[in-house]
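What follows is each chain in one-letter form.
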Amino acid sequence: MARNEKEESIHIGFRETITLILPYFQKKIWDQIKAVIWIVLYLALFQLFILRIPIKEAGLIALGISAVVLGLAFFLEGLFLGLMPLGEALGLRLPQKLGIFSIILFSILMGVGATLAEPAIAILRACGSKVAPWDAPLLYFLLNEGSFFLYLSIAIGVGISVVFGMLRFLFGFSLMRILVPTIVILLGVSIYAYFDENLKFISGLAWDSGAVTTGPVTVPLVVALGIGISKVAEKNDQSSAYGVVTLASLFPILSVFLVGMYFSGKLPKPMSEEVFFKQGIKLEEAKLLLGDSYKVPFTKEVSLPKKISPPEFFKKAKENIFDAFELAIRAILPLSIFLLLFLGLILKEKISYPEEVFLGIGFSIIGLSIFNFGIIFGLNKLGDQVGGKLPSTFRSIELIDSTKFIPNFNPKSVLKAVNEDGKEEKFFYLKERKSYTGIPYHEENWNQKNKVYEYVPIHGPIFGKEDNLLGYLVVLVFAFFLGYSATLAEPALSALGNTVEETTVGTFRKSLLIQSVAVGVGLGTLLGMLKILLEIPLVWIVVPIYLLLLFLNTFSKSEFIDIAWDSAGVTTGPITVPLIIAMGLGIGNQMGTVDGFGILAAASAFPILSVLIMGMFVENSRKLSLRDSELKEK
């Protein structure tokens, strides 16, 4: 509706403004609470009642989850008011005022900028400390010293994807023309990587990178840009509104593999920890792999943990809040300035409703700051805790986060006992409050220099003997419901459901799509968990599943193909990614698996399969209904 410029200004006081805005924000925040609450309750209750382990730092995690809810509400509102209208306006004007070369250049820059602004990409940074440099040197390098190359390769991959997506919007060609050769190349590269000592350990990271990129910044911005272009493109059809999200999750996989191939020959091959320290590695390799810390020995040091005083705690919290704010500004501000300058200086267009756009950018920065803080201290911590303790259902595990450092330990307090097999074991009594607990004694945990004994409690197996089948089944069922419930919490999935219901004229209902995708992600998460538990190479999972998907594509309508492949990208959003990555790395560390990545890749593939199958059922039902109607008319 056009605005009446002659309309008199209405002055609203602060109290009236709050009265008007407050119910609106209450609804937005309540929507986020309803989305997140079930997955949080599921994780917390599982840890408390199934794993029977108290939640560490429960207060901090609760604060972090509250920050996730508040941050998401602000961030999504900011995207709706600020970045998405900018993206759509650019999409409308680009084909009218610029040539194809300029559109390609703009698409690359926007794809790179949007990817670097993704909150989920920062999660990869936290994974670097969980990989040992001797186990997987290339993987360690890409997550630590070489993380810049990793992020840049992912961003360039998305940029190239956006180019193909925009060309598809402009010329209206089928998604399959790009999809089939891209998948074939990716599967070929994955098989090649399987036979390379270094590359095989980055396969999970590469495939998971494709899922990480399709987050809350890239998806709405790229889709808004594409919708804008498709409105003015001559060769356009209804289905061309989909597909770009799919491409944005495929090209980064290839670019990460290519970067891995470049650095693979410059880094040492995987080796044991003993060989790594005794024989050493070449100086050039050490400098590249370890950076400034290449002279620092990786030795285990035992020392008393320092108690953090309240002033130190608040100082640390203040630093974390400042870091989260700085990260959000660096992510949103350059991207917003780039879009505004391009629209104003290159396209010579004025911004429609600039107050709303600037308010939206401000909301995006505030929301992303709060969200970043919440991810680190809420979902990531909770997922890491549950993932690290999951193997206790079928195996005895060490509770590393419950490690006790006993100062002034005297070895003379050690006693001896005989076990059921008649073997002698050493132990000592530890007094905690008013009770005495028998603690097993292991000489390697006694540090004579510091006079500190390090005690790591053992937990499990909960459901029987070591490696019992019931315990494994509990883990797999947990993984399914984690993937299922995390998907239901994804904000982008609801938006995709609305669009699909509209474009299919109600044939493919929103609830049906959401349930199909959630079940698919659940099954994919289950298979990803099986990959870590049994150390199945990722290539054994992705090659058959993607070949099956290409086969099913030949029997599906192009409309449902585009929806199905986009569903995979939309599901791996701000809730699913941190939870599943943290859980995968947590359980991988506990199981001694070198590479805990790959769950996201499996979780992304199965929704395509479930939606494709559901689309075939929907299409079959539609044909049967039409045939029945024709018979009745006759």
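Residues numbered from 1 in each chain as written. Predicted model: local features only at pLDDT ≥ 70, side-chain atom pairs only at ≥ 80, totals over all residues. Heavy atoms only, no water.

**So, the overall build of the protein chain**
When its secondary structure is counted, the protein chain shows 21 helices and 8 strands. Relative to the compact-globule value of 26 Å for 634 residues, the protein chain shows a C-alpha radius of gyration of 27 Å, a close match. By its C-alpha atoms, the protein chain is 90 × 60 × 60 Å across when sized along the principal axes. Within the span of the protein chain, comprising 634 residues, buried residues form 51% of the whole. If you sum the accessible surface of the protein chain, you get close to 31,000 Å²; carbon and sulfur atoms cover 63% of it. (Helix = DSSP H or I, 4+ residues; strand = E, 2+ residues; numbered from the N terminus. Rg over C-alpha atoms; globule rule 2.2 N^0.38 Å. Buried < 20%, exposed > 50% of the residue type's maximum accessible area, 1.4 Å probe, protein only. Areas by Shrake-Rupley, 256 points an atom, 1.4 Å probe, with all protein chains shown as cover.)

**Examining the pairing of strand 7 (residues 452–455)**
Side chains Val452 and Glu454 of strand 7 all project onto a buried face; the interleaved residues Tyr453 and Tyr455 project onto the opposite face, where all are buried too. Where strand 2 (residues 404–406) meets strand 7, 3 bridges bridge the pair, whose relative direction is antiparallel. Each bridged residue has a counterpart across the sheet, and for Lys404 the counterpart in strand 7 is Tyr455. In the sheet, strand 6 (residues 446–447) pairs with strand 7 via 2 bridges, with the strands oriented antiparallel. Bridge pairing links Asn447 to Val452 in strand 7. Between strand 6 and strand 7, which follow one another and run antiparallel, lie 4 residues, and Lys451 among them has a positive phi close to 55°. (Pairing = 2+ DSSP bridges.)

**Section: the nonpolar core**
One recurring pattern in soluble globular proteins: nonpolar side chains tend to sit buried together. Of all hydrophobic cores here, the largest spans 161 residues; its most connected members are Trp207 and Tyr546. Contact partners of Trp207, with chain neighbours within four places excluded, come to Leu186, Leu187, Ser190, Ile253, Phe257, Leu538, Val542, Tyr546 and Ala601. Phe409, Phe428, Leu430 and Trp446 belong to the second largest nonpolar core, which has 10 residues in total. (Core = buried A, V, L, I, M, F, W, Y, C linked by side-chain atoms within 4.5 Å. Contact = heavy atoms within 4.5 Å.)

**What about the packing of aromatic side chains?**
What the rule picks out here adds up to 30 aromatic pairs. A ring pair is formed by Phe141 and Phe149, whose centres lie 6.5 Å apart and whose planes are at 25°; its orientation type is stacked. Feature note: the residues Phe141, Phe148, Phe149, Tyr262 and Phe263 constitute an aromatic cluster, connected by ring pairs. (Phe/Tyr/Trp six-rings, centres within 6.5 Å; stacked < 30°, edge-to-face > 60°.)

**Describing the pattern of salt bridges**
Within the structure shown, the criterion is met by 7 salt bridges. Ionic pairing is found between Arg93 and Glu349, a salt bridge with its closest N-O pair at 3.5 Å. Placement of the pair is Arg93 in helix 2 (residues 58–97) and Glu349 in the loop between helix 13 (310–346) and helix 14 (354–389), with a sequence separation of 256 residues. Arg395 is the partner of Asp467 in a salt bridge, and the nearest nitrogen-oxygen pair spans 2.8 Å. Placement of the pair is Asp467 in the loop between strand 8 (458–459) and helix 15 (469–488) and Arg395 in the loop between helix 14 and strand 1 (397–398), with a sequence separation of 72 residues. What makes Asp467 partly exposed here is its relative accessible area of 41%. Shared partners join several salt bridges into a network, and the residues in it are Arg93, Lys97 and Glu349. (Salt bridge = Lys/Arg side-chain N within 4 Å of Asp/Glu carboxyl O.)

**Observations concerning the packing of helix 3 (residues 100–116) against helix 6 (residues 147–171)**
In the contact formed by helix 3 and helix 6, the axes pass within 7 Å of each other and the chain directions differ by 135°. It follows from the interaxial angle that helix 3 and helix 6 lie oblique. For the crossing formed where helix 3 meets helix 6, the hand is right-handed. Where helix 3 abuts helix 6, its residues Ile100, Ile103, Ile104, Ser107, Ile108, Gly111, Val112, Thr115 and Leu116 lie against Tyr151, Ile154, Ala155, Ile156, Val158, Gly159, Val162, Val163, Met166, Leu167, Leu170 and Phe171. Partitioning the contact of helix 3 with helix 6 into residue classes produces 17 nonpolar, 4 polar and no charged. (Axes fitted to C-alpha atoms, helices over the stretch in contact; angles between N-to-C directions. Parallel < 35°, antiparallel > 145°, perpendicular 65-115°, else oblique. Left-handed = near helix turned anticlockwise from the far one by under 90°. Nonpolar A, V, L, I, M, F, W, Y, C, P; charged D, E, K, R; others polar.)

**Concerning helix 12 (residues 283–290)**
Among the residues of helix 12, Glu285, Ala286, Leu289 and Leu290 are the ones counted as buried. When helix 12 is viewed along its axis, its buried side chains cluster within an angular range of 100° and face the same direction. Of the surrounding elements, those touching the buried residues of helix 12 are helix 5 (137–143) and helix 11 (273–278). Two residues or fewer past helix 12, Gly291 is found with a positive phi of approximately 65°. (Arc of directions from axis to C-beta.)

**Description of unusual backbone geometry**
Not every positive phi belongs to a glycine, and Glu57 is a case in point at roughly 50°. Accessibility expressed as a relative area gives 46% for Glu57, which makes it partly exposed. Phi angles above zero are rare outside glycine, and Glu535 is one such case at about 55°. Structurally, Glu535 is set in the loop between helix 17 (510–534) and helix 18 (539–553). Under the relative-accessibility criterion, Glu535 is labelled exposed at 53%.

**A look at the packing of helix 18 against helix 21 (residues 599–633)**
It is at 10 Å that the axes of helix 18 and helix 21 come closest, and there the two elements cross at 25°. As the angle between them shows, helix 18 and helix 21 are arranged roughly parallel. Every pair of crossing elements has a handedness; the one defined by helix 18 and helix 21 is left-handed. Contacts between helix 18 and helix 21 involve Ile545, Tyr546, Leu548, Leu549, Leu552 and Asn553 on the former and, on the latter, Ala605, Phe606, Ile608, Leu609, Leu612, Ile613 and Met616.

**Describing the pairing of strand 4 (residues 424–432)**
Judged from the 4 bridges that link them, strand 3 (residues 415–418) and strand 4 form a sheet pairing that is antiparallel. When the sheet's bridge partners are listed, Val418 is paired in strand 4 with Glu424. Counted along the chain from strand 3 to the antiparallel partner strand 4, the turn is 5 residues long, and its residue Gly422 has a positive phi close to 85°. Here strand 4 runs beside strand 5 (residues 435–440); their pairing, made up of 6 bridges, is antiparallel. Considered in strand 5, the bridge of Tyr429 is made with Gly438.

**Let's talk about the sheet that holds strand 2**
The 3 strands are arranged 2-7-6 in an open sheet whose pairing can be described as antiparallel. Every other strand in the sheet has two partners, leaving strand 2 and strand 6 as the edge strands with one partner each.

**Brief notes about the sheet that holds strand 4**
The sheet built from 3 strands is open, its strands ordered 3-4-5 with antiparallel pairing. One side of each edge strand has no neighbouring strand; the edge strands of this open sheet are strand 3 and strand 5. Here the average twist between neighbouring strands, direction ignored, is 45°.

**Here we look at the side chain of Lys389**
With respect to the secondary-structure elements, Lys389 resides in helix 14. With relative accessibility at 4%, the residue Lys389 sits in the buried group. If we skip the residues at most four places from it in the chain, Lys389 touches Gln47, Leu51, Ile53, Ile397, Leu399 and Asp401.

**Some words on the confidence of the model for the protein chain**
With 90% of its residues at a pLDDT of 70 or more, the protein chain has an overall mean of 81. Across residues 1–5 the pLDDT falls below 50, and counting only partners more than four positions away or on other chains, this stretch makes 3 contacts in the model. Long-range and interchain partners of residues 298–302, a stretch whose pLDDT sits below 50, account for 11 contacts in this model, where long-range means more than four residues apart. (pLDDT = per-residue confidence, 0-100.)

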